[in-house]
Amino acid sequence: MSSLALYRRYRPESFAEVIGQEHVTDPLQQALRNNRVNHAYLFSGPRGCGKTTSARILARCLNCEQGPTPTPCGECQSCRDLARNGPGSIDVIEIDAASHGGVDDARDLREKAFFGPASSRYKIYIIDEAHMVTSAGFNALLKVVEEPPEHLKFIFATTEPEKVIGTIRSRTHHYPFRLVPPGTLREYLGEVCGRENSHVEDGVLPLVVRAGAGSVRDSMSVMDQLLAGAGDDGVTYAMATSLLGYTDLSLLDSIVDAFAAGDGAAAFEVVDRVIEGGNDPRRFVADLLERLRDLVILAAVPDAAEKGLIDAPVDVVERMQAQASVFGAAELSRAADLINQGLTEMRGATSPRLQVELICARVLLPAAFDDERSLQTRLDRLERGASFAAAGAGPAMGYVPGPQAHAPVAVVPPGDGAAAARAAVRGDAPEALPPAAPVQPAQPAQYAAPAAPAAPAPAAPAPQPPSEAPAGGQRPGAWPAAAAPESGRRPGGWPTASAPGQAPAPVTPAAPAPAPAAPAPAPGAPQPSPGMTQGAAQVRNMWPDILEAVKNRRRFTWILLSQNAQVTGFDGTTLQIGFLNAGARDNFASSGSEDVLKQALAEQFNMQWKIEALVDPSGGAGQPPQTGAGRPSAPPAPPRPAASAPQQYESRPAPAQHQQPGSAPAAAAAPQPQAAPESPRPVAPEDDTPEEDDPDLVDSALSGHDLIVRELGATVVEEFTNE
């Protein structure tokens, strides 16, 4: 095996062997066929793209015994002298202008140029790195380049043609060389590896091409380094990745999946693996930007691999297609822009890890920015998540219900609803109340009694257990899952995907008792459309998290919603909330609670919904039963038995039209059974103590009368003095 460098062993010897420069080689070959060769040429372009090699080939074509010809014979003395490993010709002089660019060197060249060639047809000067020639040197050459003798030819090669003075450049034929396309360069490297009888794994050649950046010489040098260090199994992908310093594809897949799932924990874990593995953070960000570029192209052009827009192995392209399908166009564009901006800011950064983590934070939290790209990203997630309105009553795409979504709703005993709500939000499980025996209500007077007792209603079918959540967490834009009590996620915290294997176990419901006859919907209760009803089933699962977010912003709004409101409908853009009476609805609208709810939805869930407050005295009794997607409805409150316990307080006659707020309207002539009030459960002192940061805690000394009038808009009908 020769120790000669790979790019020297495979240096082209004819224009046909030059790759990726057909726009230069074809006109030169045609000029040689037509015998219209100019006296001076200027070859410019990036390094390693074939300028000096093409100059040598042109000199070989001009001095061939059968020439000038576009295809040198390779047998004559001149062709052998100018061959790949030949000794060189005395009539072809190569000058390195970096060390011979002064005016004295130019004068010496001018004096020797007028002597004829020793044994060839032309005397040819190849001046490499021509931009290094000084202005005085170019001026000294100006006359001989403008009017050379018949036997003299000049070929200038440079990477910076703008530094060649205009008087010289105007007297030459300028041929700009270009970087070699990746596909052409990859095929050429594959042929070279085949000639070297070296095995190279899939995925290595794209890394070499990327490291060479379109330069043939640079790519050949990198390939030579890999082949020199290859073992018996050839050049492996792991070896190439570690040697060239590129990020492993598994890390890129992990960080992209974390962005897609909105999983902050996984994203920062990947950053930690990058730093702890000794990888260059800037290289990691550059590789991530390259991956996002491929995803943007795949999202716009699904067959980009077949069209040559993406240079990657087939399995990598398939993974990228799956990743691009879960992003929106605005999400990919915004992520690429943020990473590109962060890559620029990393220049000279004293803490590269901090810069990488800040980049991930910006990508994961579009709600923290109010620019147009962030809003479009949030719209992409919302549009994909709100598609359940058209898909039916099943679970939304990517939605993972929390454990409390399947737990039976506890009946709040009268008298301590606020304390029970506080305990429910804090996660304290109230003690289960003993189920009361159902009692048939008295028949209204205007209906005739049936001759025979009616058969009991058939038992409702047992609810089906929820389907398993898809592995890998939620998809971006999917409905946020209700946080499990053990998850520890605080409101406003990083969105974290559900860990695999922690899906809530389905709750096996007890055998239901014969259901009493469903009460008729109230005459004034609104009847939502089927689409609104299906959407409400999904939002009810999120309602505990929404209440928690509202509680952290304003305690009064939380009490008002938890005690007097429920979700009645949702169509993807408008959230309908039903209140038990008009007073609670008006209080919600006039106290600024609607803005508090909107702000909580925007900051906690990245959702901009319209809020529509309705009066629903039925308490949700008129809603059709939900299957599969909705939260299990609360068991019907046990009807109070006949008065068996002595009344603690002497009742006063109430007006006939008066009705307690929050109670469902009953039939006009139906007598109301009296029952002894249940004793309230003890409330812990800390539950009734307001928080110090409660925005509704006012130190003004208001009486109960003034507080009720101000907060609830009540009107005093009659006052009684207790003596």
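Residues numbered from 1 in each chain as written. Predicted model: local features only at pLDDT ≥ 70, side-chain atom pairs only at ≥ 80, totals over all residues. Heavy atoms only, no water.

What to know about the overall build of the protein
Of the regular secondary structure elements, the protein holds 25 helices and 8 strands. Here the protein holds 723 residues, and the buried ones make up 39% of them. Sequence-distant contacts in the protein: of pairs separated by 6 or more residues, those separated by 24 or more amount to 76%. Here the protein has roughly 39500 Å² of accessible surface; of this, 53% comes from carbon and sulfur atoms. (Helix = DSSP H or I, 4+ residues; strand = E, 2+ residues; numbered from the N terminus. Buried < 20%, exposed > 50% of the residue type's maximum accessible area, 1.4 Å probe, protein only. Contact = heavy atoms within 4.5 Å. Areas by Shrake-Rupley, 256 points an atom, 1.4 Å probe, with all protein chains shown as cover.)

What about the environment of Tyr10?
On the secondary structure map, Tyr10 appears in the loop between α1 (6-9) and α2 (22-34). Separated by 74 residues in sequence, Tyr10 and Arg84 place their C-alpha atoms 8.2 Å apart. In this view, Tyr10 contacts Arg84, Tyr188, Val192, Arg195, Glu196 and Met220; residues no more than four positions away in its chain are not counted.

Some points on the nonpolar core
Formed by 39 residues in total, the largest nonpolar core has its most connected members in Ile255, Phe259, Phe284, Val285 and Ile339. Among the secondary structure elements, those contributing two or more residues to this core are α12 (249-261), α13 (264-276), α14 (281-300), α15 (314-324), α16 (329-345) and α17 (352-364). Per-element tally for this core: the top contributor is α14, with 8 residues. (Core = buried A, V, L, I, M, F, W, Y, C linked by side-chain atoms within 4.5 Å.)

What about the packing of aromatic side chains?
For any two aromatic rings, the description comes down to two numbers: the centre-to-centre distance and the angle of the planes. Tallied over the entire structure, the rule returns 8 aromatic pairs. Both rings, one in Tyr125 and one in Phe154, keep their centres 5.8 Å apart while their planes meet at 20°; by these two values the pair is stacked. A residue pair is termed long-range when its members are at least 10 positions apart, and Tyr125 in strand β3 (residues 123-128) and Phe154 in strand β4 (residues 152-158) qualify at 29 residues. By relative accessible area, which is 5% here, Tyr125 ends up buried. Judged by relative accessible area, which is 0%, Phe154 ranks as buried. Each member of the aromatic cluster is reached from another via a ring pair, and the members are Tyr41, Phe43, Tyr175 and Phe177. Across the ring face of Tyr246, the terminal group of Arg283 is positioned such that the distance to the ring centre comes to 4.4 Å. Above the face of the Trp558 ring, Lys551 is positioned so that its terminal group lies 5.0 Å from the ring centre. (Phe/Tyr/Trp six-rings, centres within 6.5 Å; stacked < 30°, edge-to-face > 60°. Lys NZ or Arg CZ within 6 Å of the ring centre and 35° of its normal.)

Focus on the sheet that holds strand β6 (residues 565-570)
Overall, mixed pairing links the 3 strands, which are arranged β6-β7-β8 in an open sheet. The sheet is open, and its two edges are formed by β6 and β8 (610-615), each paired on a single side. Going from strand to strand, the sheet's axes swing by 30° on average, the running direction of each strand aside. Strands β7 (574-579) and β8 of the sheet are contacted by helix α23 (residues 582-590), whose axis makes an angle of about 155° with β8. The strands touched by helix α24 (residues 593-605) within the sheet are β7 and β8, with β8 carrying the most contacts at an inclination of about 135°. (Pairing = 2+ DSSP bridges. Axes fitted to C-alpha atoms, helices over the stretch in contact; angles between N-to-C directions.)

Looking at helix α11 (residues 237-244)
Along α11, the residues classified as buried are Tyr237, Met239, Ala240, Thr241 and Leu244. Two residues or fewer after α11 comes Gly245, characterised by a positive phi angle close to 80°.

Re unusual backbone geometry
Positive phi, normally seen in glycine, also occurs at Asn35, with a value near 55°. On the basis of relative accessibility, which here comes to 54%, the residue Asn35 falls in the exposed class.

These results come straight from atomic positions and should not be treated as a statement about function.
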